[in-house]
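Geometric and topological summary
Chain residues, written in single-letter form:
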Amino acid sequence: MSEWPLVAFTLLVQSSAGMVIFIALFFCYLEKAPGNPRAVRAMKPVLLIAAILGCFGLLASTLHMGYPWNAFHALRHISTSWLSREVVFAALYLGALCLYTLYVLITGRMYRTITALIGLLGLIDIYCMASLYYNTAMMTWMHINTYILFFCAVFAAGGALALGLTAVRVKSLIDGTTAVRITGAALALIFVAVAVKMVAQPFFTEWLYAAAQNSDSVTYPHSPLVAYGSTYILRIVAGALSVSGILFIGLSLLRMRSAVLSNGMPLILLGSLLIFSGEILSRFAFFIVG
């Protein structure tokens, strides 16, 4: 279970960044429907959970260093080290998010532009995070597939959490049209993220096979094809959970239409849970192979 700190670190920070992006998107709809004050009251807990997830992710990142205070040594060599860059941008993202969340909680004011900019800062952190794993001696990570997995998790896991939490908060505040727009926008982005990740896997497998046959350098794992193949069942289950979650949310939208966030709430929550669970298994498979 040594992979769990890395799973928690990467997935929680990515989910946090994704939630912030979706909060900014949802807030564009909510400002027009129940109005700014009611929209802020509804979204404050969602923003707070995004900040908490990010903080827990950052905390988990120190657990695989052996001695947590070693995290401060990672700040050296920012000009050459992706680890240093990731630590700096993680601190900037979470610092900005926590300060902004505190401001929103105290003043009751939220701004979609600032929210979106903090989400963009989170995406920069995710890029540094993906680059950190890409630039290693792990053959199964030395591919653009690492970037695809990490960024798709931002929109799949983050979108699922944001949709589920927002649905609970705004179901009695908004009209049917706004409910359909929020659910439809979230579903579309989650679907694209999951689809891109799945489409990329055959190309990654083909590259891994060629790289394993032609590489003379020492990389890990020593038998990458065997290691990757050992996670086949885990990856299949992860994909099945994600697809099932998308289908449940799509079914709720198709059948309930304007009542999607009221009568369709059980399907929304179930779908969100399945998608997030699929991302957990997918990330676990990523680190097992590495």
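Predicted model only: the values in this text are computed from it and were never measured.

1. Topic: the nonpolar core
Within the largest apolar cluster, 68 residues are counted, with the highest numbers of intra-cluster contacts made by Phe 26, Met 43, Met 110, Tyr 133 and Phe 150. The leading source of residues in this core is helix α1 (residues 4-30), at 13 residues. Met 139, Leu 208, Ala 211 and Val 289 belong to the second-largest nonpolar core, a separate cluster that totals seven residues.

2. Here's the deal with the UniProt feature "transmembrane region" (unreviewed entry) in the protein
The positions UniProt marks with the feature "transmembrane region" (unreviewed entry) are residues 6-30, 42-67, 87-106, 113-134, 146-168, 180-200, 232-254 and 266-289. Within the segment residues 6-30, helix and strand shares are 100% and 0% respectively, and the terminal C-alpha atoms sit 35 Å apart. Secondary structure across residues 180-200 comprises 100% helix and 0% strand; the distance between its end C-alpha atoms is 30 Å.

3. As for the environment of Tyr 111
Along the chain, Tyr 111 falls in the loop between α3 (82-107) and α4 (112-134). With 83 residues separating them along the chain, Tyr 111 and Cys 28 place their C-alpha atoms 9.5 Å apart. Not counting chain neighbours up to four residues away, the residues in contact with Tyr 111 comprise Tyr 100 and Tyr 103.

4. A closer look at the pattern of salt bridges
Where charged atoms of side chains with opposite charge meet at close range, the side chains can pair. Within this structure, the stated rule accounts for two salt bridges. Ionic pairing is found between Arg 112 and Glu 31, a salt bridge with its closest N-O pair at 3.6 Å. Taken as a pair, Arg 112 in helix α4 and Glu 31 in the loop between α1 and α2 (36-61) lie far apart in primary sequence, 81 residues in all. Using a relative accessible area of 39% as the deciding quantity, one classes Arg 112 as partly exposed. Its relative accessible area of 28% is what places Glu 31 among the partly exposed residues. For Lys 197, the salt bridge goes to Glu 279, with nearest N and O atoms at 2.8 Å. A residue pair is termed long-range when its members are at least 10 positions apart, and Lys 197 in helix α6 (residues 176-214) and Glu 279 in helix α9 (residues 265-289) qualify at 82 residues. On the basis of relative accessible area, Lys 197 is assigned to the buried category, the value being 8%. Among the residues examined, Glu 279 registers a relative accessible area of 2% and is labelled buried.

Criteria and cut-off values
Residues numbered from 1 in each chain as written. Predicted model: local features only at pLDDT ≥ 70, side-chain atom pairs only at ≥ 80, totals over all residues. Heavy atoms only, no water. Core = buried A, V, L, I, M, F, W, Y, C linked by side-chain atoms within 4.5 Å. Buried < 20%, exposed > 50% of the residue type's maximum accessible area, 1.4 Å probe, protein only. Helix = DSSP H or I, 4+ residues; strand = E, 2+ residues; numbered from the N terminus. UniProt positions renumbered as here; feature names shortened; annotations may be inferred. Contact = heavy atoms within 4.5 Å. Salt bridge = Lys/Arg side-chain N within 4 Å of Asp/Glu carboxyl O.

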